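Geometric and topological summary
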Amino acid sequence: MYRKMLVAYDGSEGARKALAASLELAKLHGAEVTALAVQEKLPRFAATIDEVQEEKEYAEAYYGKLLEQARAQAAEAGVELKTLLRAGHAAQTIVQVAREGGFDLVLVGHTGLSGVWAAFLGTTAEKVSRHAPCSVLIVR
Amino acid sequence: MEQVWYTAAAWIGVALLASLLSIRLGISVALVEIFLGCIAGNLGTTFGWTIFQPTPWINFLAGFASVVLTFLAGAEIEPEAFRRLWKPSLAIGFVSFLAPFLGCMAYAYYVGGWPGESAQIAGVALSTTSMAVVYAVMVETGLNNTELGKLILAACFITDLGTVLALGLLFAEYDRWLLIFAVVTLVALWRLPGICRWFFSLWGGRVIEPEIKLIFLVLTVLGGLAVTARSEAVLPAYLFGMVIAGLFVHDKVILHRLRATTFALLTPFFFIKAGTLVSLPALVAGFGMLTALFLMKMVTKIVGIWPLCRLFGIPVRESNYTTLLMATGLTFGSISALFGLTHGYIDQAQYSILVTGVIASAVIPTIIAQVWFHPREVSLGLQEEPVVLGTSEHFLHMPED
């Protein structure tokens, strides 16, 4: 049924469960899976380009490692995992990538890393489920 | 002596808190430092604390920070992109400086009743475009590697050049010292790329950092000459950054170490000091002027830049986006306002209005551009392909249908 799945991956417990679910579904449906990591904490309204570049390099190294681990996990499960790394607001970016890439299922963990803000503003999973152009599976 | 350590501890404590908040909130450390500095300074005024009043050594660190920040901004130029897009970037960048400079200066002088030199500082501080704010937005939207992104960055560079030239030349004393400063600077700019290249290859790569010390030496010598000529030390710093930008393309390690030194020791003192001098009562009293100057900056940027973007064939939505990004400002605006306050061209109330206006221009146009005017002209080839990190081994694990 599903051909192209996008799993949001930030290394949190929820994201790891979502990744595991996506790998299972990929095997069931013979679907293509892409893991998306979003660099959410790039400094806004920066005073120097240097600050942005250094933070970006740090985030790329951090998320690069996470995605490498995800690829290894997928390889063990016998699934090809494509990976994407984007900068921006988590929910907005997930929805945008889902739309641009023509994905037919987005998987997100029930809770991500932005715990404190989520209590006030809603979780990334809630926002993605409201705005995504396709089905959304929130994994608990 | 004991007091120096307590003062240093208080300022470094604020800098540390600002770093942690910056990481948690995803907002630049400079903005958080200004905000915390403002709170600390105003609490100090209310309760009679002296610990957050700038001292001579804090003033030196803050002043040196502004010079190094300007140097780093100068070193960000991409010569290749500028050569390719020189015509639109020069036109847009120049108008982006001139229109708000003249507009805000005229408003402050004729409507606000500010003295001539205060009005000039207002014009310079509000003429700026923040290359860093623009760059951060474009990294998020993936535009930094597109033609439109490079055009906007090159134009920002020209605007900043206009700002440092205005700051360096408007208030200078036109005498023999200015001539000496100009000649020495020109000769230095001509010879320094070669000297630095030779010096870096011969003495570089050591933990005692001879390269950074050479850069600091050049900045302090040229800065000293600039101040003697009643010019401003940021002018030669920006130009020096421009001429040795090429060296940093090949040697990222020096740049990384220079950034570490600057962010750890220098910039916190500049931005916290910039915040401590903002008077909240003055801000409340001058709220009308603040709003008017902010709107004047926005209007003059729009009137100046948008038609030029259209003239150079940039589509409407991208023109809106470019105009809004070029209307941002932060570092150079703060440097200009602090320069004005330090030299007595503006008072603390005027300074508070200008710095707040500059910060507002970093935040408001950025949000508007991101929310309503994000470019969507994919067919122009402006959009980057998503980065796919993966190796051939992954294709060996393709599921069999």
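Here the structure is a predicted model, which is why all the values come from computation and not from measurement.

1. With respect to the overall build of chain B
Scanning chain B for helices and strands turns up 18 helices and zero strands. Against the globule reference of 21 Å for 401 residues, chain B gives a C-alpha radius of gyration of 22 Å, in line with a compact fold. When its C-alpha atoms are laid out on the principal axes, chain B stretches across 75 × 55 × 45 Å. Counting all 401 residues of chain B, 55% fall into the buried class.

2. Description of the overall build of chain A
Counting secondary structure elements, chain A contains five helices and five strands. For chain A, the N- to C-terminal ordering of α and β elements is β-α-β-α-β-α-β-α-α-β. Radius of gyration (C-alpha) of chain A: 15 Å, near the 14 Å computed for a compact globule of 140 residues. By principal-axis analysis of the C-alpha atoms, chain A measures approximately 50 × 30 × 25 Å. With 140 residues in all, chain A has 55% of them scored as buried.

3. Things to note about the pairing of strand β3 (residues 81-87) of chain A
Residues and elements named next belong to chain A. Along β3, six of the seven residues are buried, which leaves the element largely enclosed by surrounding structure. The pairing of strand β2 (residues 32-39) with β3 spans seven bridges and is parallel. Its bridge partner being in β3, Val 38 is matched across the sheet by Arg 86. Read as a crossover between parallel neighbours, the route from β2 over helix α2 (residues 49-76) to β3 is right-handed.

4. Considerations on the interface of chain B and chain A
Facing 45 residues of chain B, the contacting portion of chain A comprises 33 residues. Summing the contributions of chain B and of chain A, the shared interface buries around 3500 Å²; its carbon and sulfur component is 58%. Taken together, chain B and chain A are joined by two salt bridges. A:Asp50 is the partner of B:Arg259 in a salt bridge, and the nearest nitrogen-oxygen pair spans 2.7 Å. In this assembly, chain B and chain A are joined by seven residue pairs in polar contact (both at pLDDT 80 or more). Elements represented by at least two residues in the side of chain B that touches chain A include exactly α1 (2-25), α2 (29-47), α3 (56-74), α7 (131-141), α13 (252-276) and α18 (348-372) of chain B. It is α7(B) that provides the largest number of residues to the side of chain B that touches chain A, a total of seven residues. Tallied by class, the residues present in the side of chain B that touches chain A amount to 28 nonpolar, twelve polar and five charged.

5. Focus on the sheet that holds β3(A)
Residue and element names in this part refer to chain A. Read across the open sheet, the five strands follow the order β3-β2-β1-β4-β5; overall the sheet is parallel. Each edge of the open sheet is held by one strand with a lone partner, namely β3 and β5 (135-139). Each adjacent strand pair in this sheet contributes to an overall mean axis angle of 25 degrees, direction not counted. Strand contacts of helix α3 (residues 90-101): β1 (4-8), β2, β3 and β4 (105-109), with the helix running at about 145 degrees to β2, the strand carrying the most contacts.

6. What to know about the pattern of salt bridges
Where charged atoms from two side chains of opposite charge approach closely, those side chains can pair. Evaluated as defined, the whole model comprises ten salt bridges over all chains. A:Glu32 is the salt-bridge partner of A:Lys82, the closest N and O atoms lying 3.8 Å from each other. Linking A:Lys82 in strand β3 with A:Glu32 in strand β2, this pair joins segments that are 50 residues apart in sequence. According to the relative accessible area criterion, A:Glu32 is partly exposed, its value standing at 30%. B:Arg257 serves as the salt-bridge partner of B:Glu209, at 3.4 Å between the closest nitrogen and oxygen. Here B:Glu209 is found in the loop between α9 (176-203) and α10 (210-228), whereas its partner B:Arg257 is found in helix α13, with 48 residues between them in sequence. What makes B:Glu209 buried here is its relative accessible area of 16%. A relative accessible area of 27% means that B:Arg257 is categorised as partly exposed. Taken together, the shared-partner salt bridges connect A:Asp50, A:Glu54 and B:Arg259 into one network.

7. A look at the packing of helix α17 (residues 331-342) of chain B against α18(B)
All names here are of chain B. At a closest axis distance of 9 Å, the pairing of α17 and α18 adopts a crossing angle of 175 degrees. Between α17 and α18, the crossing angle belongs to the class labelled roughly antiparallel. Together, Gly 333, Ser 334, Ala 337, Leu 338 and Leu 341 of α17 and Gln 348, Tyr 351, Leu 354, Val 355 and Val 358 of α18 make up the contact between the two elements. Looking at the contact of α17 with α18 residue by residue, the class counts come to seven nonpolar, three polar and no charged.

8. A word on the packing of aromatic side chains
Residue and element names in this part refer to chain B. Summed over the entire model, instances satisfying the criterion amount to 18 aromatic pairs over all chains. Each ring, one from Trp 11 and one from Phe 52, has its centre 6.1 Å from the other, and the planes form 40 degrees; the classification is tilted. Separated by 41 residues along the polypeptide, Trp 11 in helix α1 and Phe 52 in the loop between α2 and α3 bring together distant segments of the chain. Here Trp 11 and Phe 52 have matching classes, each one buried. Taking the centre distance of 5.9 Å and the plane angle of 40 degrees together, the rings of Phe 339 and Tyr 345 count as tilted. Assessed through its relative accessible area of 5%, Phe 339 is described here as buried. A network of ring pairs unites the aromatic residues Trp 11, Phe 52, Trp 57 and Phe 269 as a single cluster. Note that Arg 191 overlies the ring of Trp 190, its terminal NZ or CZ placed 5.1 Å from the centroid.

9. Section: the confidence of the model for chain A
Mean pLDDT over chain A: 85, with 92% of residues reaching 70 or higher. Taking the mean pLDDT of every element in chain A, the minimum, 52, falls on helix α4 (residues 115-121) of chain A and the maximum, 93, on β1(A).

What counts and how
Residues numbered from 1 in each chain as written. Chains lettered and ligands numbered in written order. Predicted model: local features only at pLDDT ≥ 70, side-chain atom pairs only at ≥ 80, totals over all residues. Heavy atoms only, no water. Helix = DSSP H or I, 4+ residues; strand = E, 2+ residues; numbered from the N terminus. Rg over C-alpha atoms; globule rule 2.2 N^0.38 Å. Buried < 20%, exposed > 50% of the residue type's maximum accessible area, 1.4 Å probe, protein only. Pairing = 2+ DSSP bridges. Right-handed = clockwise from strand over helix to strand, strands pointing away. Contact = heavy atoms within 4.5 Å. Buried area = accessible area lost by both parts, 1.4 Å probe. Salt bridge = Lys/Arg side-chain N within 4 Å of Asp/Glu carboxyl O. Polar contact = N/O pair within 3.5 Å; in protein donor to acceptor, adjacent residues only side chain to side chain. Nonpolar A, V, L, I, M, F, W, Y, C, P; charged D, E, K, R; others polar. Axes fitted to C-alpha atoms, helices over the stretch in contact; angles between N-to-C directions. Parallel < 35°, antiparallel > 145°, perpendicular 65-115°, else oblique. Phe/Tyr/Trp six-rings, centres within 6.5 Å; stacked < 30°, edge-to-face > 60°. Lys NZ or Arg CZ within 6 Å of the ring centre and 35° of its normal. pLDDT = per-residue confidence, 0-100.

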